[in-house]
Structures are given as structure tokens and as C-alpha cells.
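So you can see what is in the structure, the chains are spelled out below.
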Amino acid sequence: MPLPEKALIAQIRRMAASSTRGRRARGSDRVTFTGIGDDCAVLRLPSGHDTLVTTDFTLEGVHFRRDWHPPESVGHRCLTRGLSDIAAMGGDPVAAFLSLALPKDLPQTWVGRFTRSLIGLAETYGVTLAGGDTAESPNGILADIIVVGTAPKGRSVMRSGARAGDSIFVSGELGGSAAAILQLTTMPKKKVSPRDYPRHFYPEPRVALGRSLREKGMASAMIDISDGLSTDLAHLCEESGIGAEVDAALIPRAKVGRPAREVDLDLALHGGEDYELLFTARPGKRIPSQIAGIALTRIGKITRSRKMFIRTRPDLADELDPRGWEHFRR
């Protein structure tokens, strides 16, 4: 079972402190803070910056299964969800807060492996685990991650900035995470190796890419692809009050498994948890083929219509329904 609450918090505090020692104050453009140990963390934000705050649940049975996902993957994915939201605003993540509700029969080794992985990813992106909470769960593991970031005042990239005539781009390749879930659900007795599906088990948030798109003024609107391309494009269109047309042949599809094979179009369109960036760019704005080593692909354009269409042939465009992930869908 997990350690008693006081001992568990002390252990997490030691792990967080060892990863952030010497990084508490990093200049006028960074956050200065006091972390775990008081009733609240104290964050002193840099002048001339806006504060970005996001929160995400990671729920056993919804976002992961213990028989499918090692604890390192669960911890990594838990923090990635928040980091990806900050990336989609073009921001810099600086602090995270983790609340854990754990069942009484959960081995402490699981908790330690989960926490080490989460803190390891935080260290990679210069993020400090600055607080959180622990509780006993009557049924399954529940983790809530809050990530705080910053962006220059008024410069965050919003979902609402797209205009008719803008081009639509995506980073990386899509459908790799959904392909892993399909494999796990259709062949539950076959072991799935994280090495064959890295974008599902250990996705990398596109923080450097999002920051670069904001700094260079390339993105007019942006969102991360967590619920699936079709659904997240619909979110962007709704906030911007526009429509979209995408070309099926241009959508970059992930290659997964051994031997590697390209995923079906449906997985690339509607599969979630890719954590790539979907963004728009003004007409005439030059977008390179890659930034920070991440490929960028133009897949369509923004239209005045409030509907979304997908072109499967030069002479045929069908209405595109958002069929990605949505909680409470019946």
C-alpha cells in the first residue's frame, strides 16, 4: 500500500527538491517561488508577462489501465497533458501541482515509479513540482495536474485568431496514439511494447515549437491535438467563428508497430492524445517545413463557412464531423 500521507508527501518533496535544486530563481524573465512545505506555494511572476494556468485529470480506466500502462508511462502522460496545453498557447511552463488520490491496496513501488517519471519530465522542461495534495481513493487512481506557465503580455496564441484564407498546419504525425489503443483493445492478450508506440506511451509536448511559433508571429490561432484532429479543429473553428477545409491526402499519418505501417485515415482524423500542435497562419506567411526538428505540414485552409469539410478527391468534399474524444458522449 502507499506510504502514510505525511511520509508520502515527504518523499515526493525530497524527489522534487533534488530535481530543482539551484533552479528556484532564474532571472527577471523567470518565476521565483517557494514550493512544497507551506499551505500555499508562492509564485513571483515576471513583470510584463501573463500567467497561463491549465488543469487536467488522469483517471484510471479512462486515460490508462494498470495492465496496459507501466507507472512511468502514466506519470509521463499525466504531465504531458498540462505541458501540451501551455505549448498550444506559445507559453513557457514553469511550475506544476499534482494531486493524487490512491487506492489503499496500491503498491508504494507503483507510486514511486509514477512520481519519478513525472518529475523527470518536469526537469526536462524546466518545471518545478511546487505542491499538490494526496488522498485515499475508494476506487482507482486519480491524478490531477495543474501547470502554470507564462507568456509575454498579450502575446499568447489563442484559438480565436483564425480568419478566412488562413492556412491550416499540423506538427508531426497523427494517429499513433490511437493505433496503440486499437491494438490494446482488439488484441488484449498480446503484449504491446512502448517502443513500438512511443507517441502513446511517452508523448513529447511541443513546448519549444509552440514558443517558436509565438515568438516568430507565425501562428494566428493554435490548439493542441488531445481530443483528435477533427474535434480539436472544430474547437478552433468555433472559437474563431469560421469553417475549414482539409485535404485527406495531406494529413501526415503515423507509422507504428513492427514492421512499421501507416495508420488508417480515421485514426489520424479522430484519434486523440497525439499532443501535436494544430495551428493556422495568415496568407503569405512563410512556414518552414520543420521547426525545432518537428515536421510541419499544411493540410488545408480556413473558410468563411461555419462548417468543416474534408476533400478526398479533387472534385469531392464531404462534411467533416468531429468524431474525436468527448466526455459524456452518448
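Residues numbered from 1 in each chain as written. Predicted model: local features only at pLDDT ≥ 70, side-chain atom pairs only at ≥ 80, totals over all residues. Heavy atoms only, no water.

Caption draft 1: Helix H7 (residues 229-240), seen in detail. Relative to the 16 Å expected for twelve residues at 1.5 Å per residue, H7 spans 16 Å between its end C-alpha atoms, a close match to the ideal helical length. Burial runs high along H7: nine of the twelve residues are buried. By the burial criterion, the buried members of H7 are Leu229, Ser230, Thr231, Asp232, Leu233, Ala234, Leu236, Cys237 and Ser240. Of the residues one or two after H7, Gly241 is the one with positive phi, at around 70°. (Helix = DSSP H or I, 4+ residues; strand = E, 2+ residues; numbered from the N terminus. Expected span 1.5 Å × (residues − 1). Buried < 20%, exposed > 50% of the residue type's maximum accessible area, 1.4 Å probe, protein only.)

Caption draft 2: Broad picture of the sheet that holds strand S4 (residues 92-102). Across the sheet, four strands lie side by side as S3-S6-S4-S5; this open sheet has mixed pairing. Unpaired on one side and paired on the other, strand S3 (49-59) and strand S5 (128-136) mark the two borders of the sheet. Across the sheet, the axes of successive neighbouring strands diverge by a mean angle of 15°, strand direction being ignored. In this sheet, strand S6 (residues 142-152) lies alongside S4 in antiparallel orientation, the contact comprising nine bridges. Within the sheet, the bridge partner assigned to Phe97 lies in S6 and is Ile146. Strands S4, S5 and S6 of the sheet are contacted by helix H3 (residues 108-124), whose axis makes an angle of about 170° with S4. (Pairing = 2+ DSSP bridges. Axes fitted to C-alpha atoms, helices over the stretch in contact; angles between N-to-C directions. Contact = heavy atoms within 4.5 Å.)

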